[in-house]
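# Survey of secondary and tertiary structure
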Amino acid sequence: MKSRLTVFNQKGGVGKTTTALNLGAALAARGLSPLLIDLDPQAHLSAILAPAADSNDSLFAFYNTGRRLDELARAVSLAGAGRGMLVPGHPELIKVDALFGKGPNILNRLREGVEAYFLHTAPGAQAAPLIVDCSPMLGVLSLNSVFATERVLVPISTDHLAVRGAVQLQNSLKALEHVLKRRVERRYVLTRFDGRRRMSHEIAEQLSAAFGEELCATRIAETVALAESPAHGRDVYAHASGSRGAQDYTALLEELLACGFLEV
Ligand SMILES: Nc1ncnc2c1ncn2[C@@H]1O[C@H](COP(=O)(O)OP(=O)(O)O)[C@@H](O)[C@H]1O
Ligand SMILES: [Mg+2]
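Here is what the cut-offs are and how they apply
- Residues numbered from 1 in each chain as written.
- Chains lettered and ligands numbered in written order.
- Predicted model: local features only at pLDDT ≥ 70, side-chain atom pairs only at ≥ 80, totals over all residues.
- Heavy atoms only, no water.
- Helix = DSSP H or I, 4+ residues; strand = E, 2+ residues; numbered from the N terminus.
- Rg over C-alpha atoms; globule rule 2.2 N^0.38 Å.
- Buried < 20%, exposed > 50% of the residue type's maximum accessible area, 1.4 Å probe, protein only.
- Core = buried A, V, L, I, M, F, W, Y, C linked by side-chain atoms within 4.5 Å.
- Contact = heavy atoms within 4.5 Å.
- Pairing = 2+ DSSP bridges.
- Axes fitted to C-alpha atoms, helices over the stretch in contact; angles between N-to-C directions.
- Salt bridge = Lys/Arg side-chain N within 4 Å of Asp/Glu carboxyl O.
- 1 Å grid on protein atoms, 1.4 Å probe; cavity = no way out; pocket = protein on both sides within 12 Å on 5 of 7 lines; lining within 4 Å.
- Points joined across faces, edges and corners; volume = space filled by probe spheres on them.
- Nonpolar A, V, L, I, M, F, W, Y, C, P; charged D, E, K, R; others polar.

### Concerning the overall build of the chain
- Looking only at helices and strands, the chain features twelve helices and eight strands.
- Taken over C-alpha atoms, the radius of gyration comes to 17 Å for the chain, in line with the 18 Å a tight globule of 264 residues would show.
- Once the C-alpha set of the chain is aligned to its principal axes, its extents read approximately 50 × 40 × 35 Å.
- Counting across all 264 residues of the chain, residues that qualify as buried make up 52%.

Below, the structure is given as structure tokens:
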């Protein structure tokens with residue numbers, strides 16, 4: 001299960017999608033072919049990587065009509081020459097909570113779908129790494145993702161609300177653990193870090209005191225390449241392979257692998 005990761009924070013704009021995309025690209029740059037799932041009704045990850053999907057061809061159809069994830073996944077280009085698979089999101093995902101939130105076994109739906117995906121696509125082989133990009137809402141969809149992956153990577157944007165947000169996030173994870181009935185493995189990563197600002201270093205120190213080893217040593221710097229690459233429909237490796245952004249996400253992947261949080 002250590003090859004699966006949920007990217008979650010209940011704040012918007014902290015770098016969840018940027019992290020899901022570029023960690024996926026970092027995996028592709030290592031020659032792996034990750035599966036990305038866009039669980040966010042805003043479907044930003046899908047908008048960056050693939051032409052818009054009809055709701056029948058998106059993750060919504062998995063919940064709504066029981067279509068299989070391997071039928072919905074499309075090949076996408078990552079890190080220039082690399083490849084991955086994407087199950088696209090769709091605005092209709094917003095309905096999943098209301099339509100199916102009280103159904104039997106709903107919390108395990110995505111987990112079962114993912115197991116079936118790997119059985120169909122690569123029986124007997126080692127499963128490809130999985131990264132799920134979540135919306136900021138702590139609802140059925142995010143719970144589905146945590147159940148499917150059992151581990152959470154939390155991007156924290158280095159701004160003056162970071163510490164407050166991080167405390168709220170710990171409460172959210174506690175709520176998740178209450179449902180999951182065990183501790184959710186997690187790592188925090190500082191994003192949009194600007195080393196020229198004293199405030200950035202102060203925030204890093206406060207978070208380090210709060211989270212200890214669960215705060216990644218790697219920080220993702222605020223860079224133009226990371227901000228601009230989505231507009232070109234590309235990850236940062238395809239956009240500017242030698243950029244600081246690409247280096248930072250490579251370092252993040254290496255750190256997650258070295259500490260055993262992720263295994264591929
Ligand atoms: N390290 C970074 N440097 C520059 N811009 C960034 C960085 N990380 C994220 N952004 C930009 O900030 C905005 C919000 O990031 P995004 O990944 O979409 O956040 P979320 O998915 O948490 O809402 C996007 O426009 C994105 O391109
Ligand atoms: Mg997002």
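### Thoughts on the nonpolar core
- Counting 47 residues, the largest nonpolar core has Ile-37, Leu-39, Leu-59, Tyr-63, Leu-69, Leu-110 and Ile-156 as the members making the most contacts within it.
- Excluding residues within four positions of it along the chain, Leu-110 makes contact with Ile-37, Leu-39, Leu-59, Phe-62, Tyr-63, Leu-69, Asn-144, Ser-145 and Ala-148.
- One finds Leu-23, Ala-28, Leu-36 and Leu-49 within the second-largest nonpolar core, a separate group that totals 34 residues.

### Some details on the environment of Asp-57
- By the secondary structure assignment, Asp-57 is in the loop between helix H2 (44–49) and helix H3 (59–64).
- With a relative accessible area of 34%, Asp-57 lands in the partly exposed category.
- C-alpha separation for the pair Asp-57 and Leu-110, spaced 53 residues apart in sequence, amounts to 16 Å.
- Once you skip the residues sitting within four places of it in the chain, Asp-57 turns out to touch Arg-67, Leu-72 and Pro-88.

### A short note on the environment of Ser-172
- Note that Ser-172 resides in helix H8 (residues 162–180).
- On a C-alpha basis, the gap between Ser-172 and Asn-9 in space is 8.9 Å, while along the polypeptide they are 163 residues apart.

### Things to note about the sheet that holds strand S1 (residues 4–7)
- As summarised here, the arrangement of the eight strands in space is S3-S4-S2-S5-S1-S6-S7-S8, forming an open sheet in which the pairing is mixed. At either end of the open sheet lies a strand with only one pairing partner, and these are strand S3 (74–78) and strand S8 (215–221). Neighbouring strand axes in the sheet, compared pairwise and without regard to direction, differ in orientation by 30° on average.
- Note that strand S2 (residues 35–38) and strand S4 (residues 82–87) share three bridges and pair parallel. Its bridge partner being in S4, Leu-36 is matched across the sheet by Leu-86.

### Thoughts on the pattern of salt bridges
- Tallying each qualifying case throughout the model produces 16 salt bridges.
- Where Asp-194 meets Arg-197, a salt bridge forms, and the shortest distance between an N and an O atom there is 3.5 Å.
- Residue classification places Asp-194 among the buried residues on the basis of a relative accessible area of 12%.
- Note on Arg-197: relative accessible area 43%, which makes it partly exposed.
- Members of the salt-bridge network, linked through shared partners, are Asp-57, Arg-67 and Glu-71.

### A short note on empty space enclosed by the protein
- Within the structure shown, the criterion is met by one cavity of 30 Å³ or more.
- Put simply, the largest cavity is a space of about 30 Å³.
- The wall of the largest cavity is formed by Asn-9, Lys-11, Ile-156, Leu-161, Ala-162, Gly-165 and Ala-166.
- Looking at the lining of the largest cavity element by element, the count peaks at three residues for H8.
- Tallied by class, the residues present in the lining of the largest cavity amount to four nonpolar, two polar and one charged.

Geometric values such as these leave the question of function open.
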